[in-house]
Amino acid sequence: MRVMNKGRMSGYMSEKRPPVGCLSGKFLKENKNRFRCMVEIDGVETLCYIASSCRLDNFVSLTGKEVLLKPTTGRAVNAKYTVCGLKYKRSYILLNTSFANRAVENSIKSRRFAFIGAREDYQREHTIDGYKTDLYLPSSKTIIEVKSVISTAEQAQFGTVHSDRFLRQLADIEVLIEAGYNARLFIVSLNPYTKAIELPSGNALACAIDRCKTIGLQINAFSCRIAADGEVFIHQQIPIYE
């Protein structure tokens, strides 16, 4: 396989206790109803919320494992706690895909992202001709689309679940690049121990990505972690394999 970029490596952070504002439980099962699961908390079987539209057991084994929980926010959710992470080695695999966006936003002003240029004036969810960006850098007309990966593999495969929405987004990005915008795809592994990302091949997603790359789409990959204060940050930049 060909390496697109090598990335920068750094050490892992040890998590000896749950981060601030979190608690631990034992995962029992995913319910048939989407977004619901059962977790044992202090010996009590408790209904909890999962902030994922896909069944998590498609990506990681959870039954009987220690999971990280946060108090649920939002009146529409009738579950006291939300499952947000899986205990893994000395840290956690995050299970809420929105954490990828939060990690990038929390880290984007750091030196780690100096390679993308000026970013002090970044905008979140800025809309351009009907396409809503994850992040937008107006000074360089740069669109940033953030996607996540949940996997225990050291070399995690990106795009294993078909997404019509992502294909539509790539079609919009292709049009915007041709209109003079710059574009970057940030692939964020929610596992801090992921060492590389493998791009898809031989399917519609691979073709859509290749079309965008041909006209200028830049792709970067990262892993993220949850810190002791409960916030999520980019852990390191990692290589991409085609």
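Above this text you will find the structure in question.
Residues numbered from 1 in each chain as written. Predicted model: local features only at pLDDT ≥ 70, side-chain atom pairs only at ≥ 80, totals over all residues. Heavy atoms only, no water.

Participant: Quick question: what am I supposed to make of the packing of helix α2 (residues 164–178) against helix α3 (residues 204–214) here?
Facilitator: Between two packed helices, the angle of one axis relative to the other and the distance separating the axes together describe the packing. Contact pair α2 / α3: the axes reach a minimum separation of 9 Å and the direction vectors enclose 15°. Relative to α3, the element α2 is oriented roughly parallel. Once α2 is placed against α3, the crossing between them reads as left-handed. Here F166, L167, L170, I173, E174 and I177 of α2 come into contact with α3, specifically with A204, L205, A208, I209, R211 and C212. (Axes fitted to C-alpha atoms, helices over the stretch in contact; angles between N-to-C directions. Helix = DSSP H or I, 4+ residues; strand = E, 2+ residues; numbered from the N terminus. Parallel < 35°, antiparallel > 145°, perpendicular 65-115°, else oblique. Left-handed = near helix turned anticlockwise from the far one by under 90°. Contact = heavy atoms within 4.5 Å.)

Participant: It is not clear to me how the pattern of salt bridges should be interpreted in this structure. Could you clarify?
Facilitator: Side-chain pairs of opposite charge can arise whenever the charged atoms involved come near each other. Taken as a whole, this structure holds seven salt bridges when the rule is applied. For the salt bridge of K109 with E120, the shortest nitrogen-to-oxygen distance reads 4.0 Å. Taken as a pair, K109 in the loop between α1 (98–107) and β8 (123–124) and E120 in the loop between α1 and β8 lie far apart in primary sequence, 11 residues in all. Ionic pairing is found between E145 and K147, a salt bridge with its closest N-O pair at 3.3 Å. The residues E145 and K147 share a single accessibility class, namely buried. Through salt bridges that share partners, D210, K213 and E242 make up one connected network. (Salt bridge = Lys/Arg side-chain N within 4 Å of Asp/Glu carboxyl O. Buried < 20%, exposed > 50% of the residue type's maximum accessible area, 1.4 Å probe, protein only.)

Participant: Help me out: how do you make sense of the pairing of strand β16 (residues 218–226) in this one?
Facilitator: Looking down a regular strand, the side chains alternate between one sheet face and the other. Buried residues dominate β16, accounting for seven of its nine residues. Strand direction decides the pairing type here: strand β14 (residues 182–189) and β16, joined by six bridges, are parallel. When the bridges of β16 are listed, F186 appears paired with N220. As defined by bridge partners, β16 adjoins strand β17 (residues 232–238) across six bridges and the pair is classed as antiparallel. The residue bridging F222 from the neighbouring strand is Q237, located in β17. Linking β16 back to β17 in an antiparallel pair, the connection comprises five residues, with G230 at a positive phi of about 90°. (Pairing = 2+ DSSP bridges.)

Participant: How should the sheet that holds β8 be read in this particular structure?
Facilitator: Two orientations exist for strands paired in a sheet by backbone hydrogen bonds: parallel and antiparallel. If you trace the six strands from one edge of the open sheet to the other, you get β8-β11-β12-β14-β16-β17, paired in mixed fashion. Each having just a single partner strand, β8 and β17 make up the two edges of the open sheet.

Participant: Would you take a moment to explain unusual backbone geometry for this structure?
Facilitator: Excluding glycine, residues mostly have negative phi values, and the peptide bonds linking residues are mostly trans. The phi dihedral of D129 falls on the positive side, at around 50°, and the residue is not glycine. Examined against the element boundaries, D129 turns out to sit in the loop between β9 (127–128) and β10 (131–132). Backbone geometry places K141, a non-glycine residue, at a positive phi of 50°. Mapped onto the elements of the fold, K141 is located in the loop between β11 (135–137) and β12 (142–149). Residue class for K141 comes out partly exposed when judged on its relative accessible area of 34%.

Participant: For this particular structure, what's the right way to read the nonpolar core?
Facilitator: With 44 residues, the main nonpolar core has V39, V83 and L95 as its most contacted residues. For V83, the contacting residues outside a window of four places in its chain are C37, V39, C48, Y49, I50, V67, L68, L69 and L95. (Core = buried A, V, L, I, M, F, W, Y, C linked by side-chain atoms within 4.5 Å.)

Participant: When you look at the packing of aromatic side chains in this model, what are you seeing that I'm missing?
Facilitator: Each aromatic ring pair is specified by the distance between its two centres and by the angle formed by the two planes. Throughout the structure, instances matching the rule amount to eight aromatic pairs. Between the aromatic rings of F113 and F186, the centroid separation amounts to 5.6 Å while the plane-to-plane angle is 35°, which identifies the pairing as tilted. Of the two residues, F113 is situated in the loop between α1 and β8 and F186 in strand β14; the sequence distance between them amounts to 73 residues. According to the relative accessible area criterion, F186 is buried, its value standing at 0%. Members of the aromatic cluster, each reached through a chain of ring pairs, are F113, F115, F186 and F222. We note K89 situated over the ring of Y193; from NZ or CZ to the ring centre the distance is 4.9 Å. (Phe/Tyr/Trp six-rings, centres within 6.5 Å; stacked < 30°, edge-to-face > 60°. Lys NZ or Arg CZ within 6 Å of the ring centre and 35° of its normal.)

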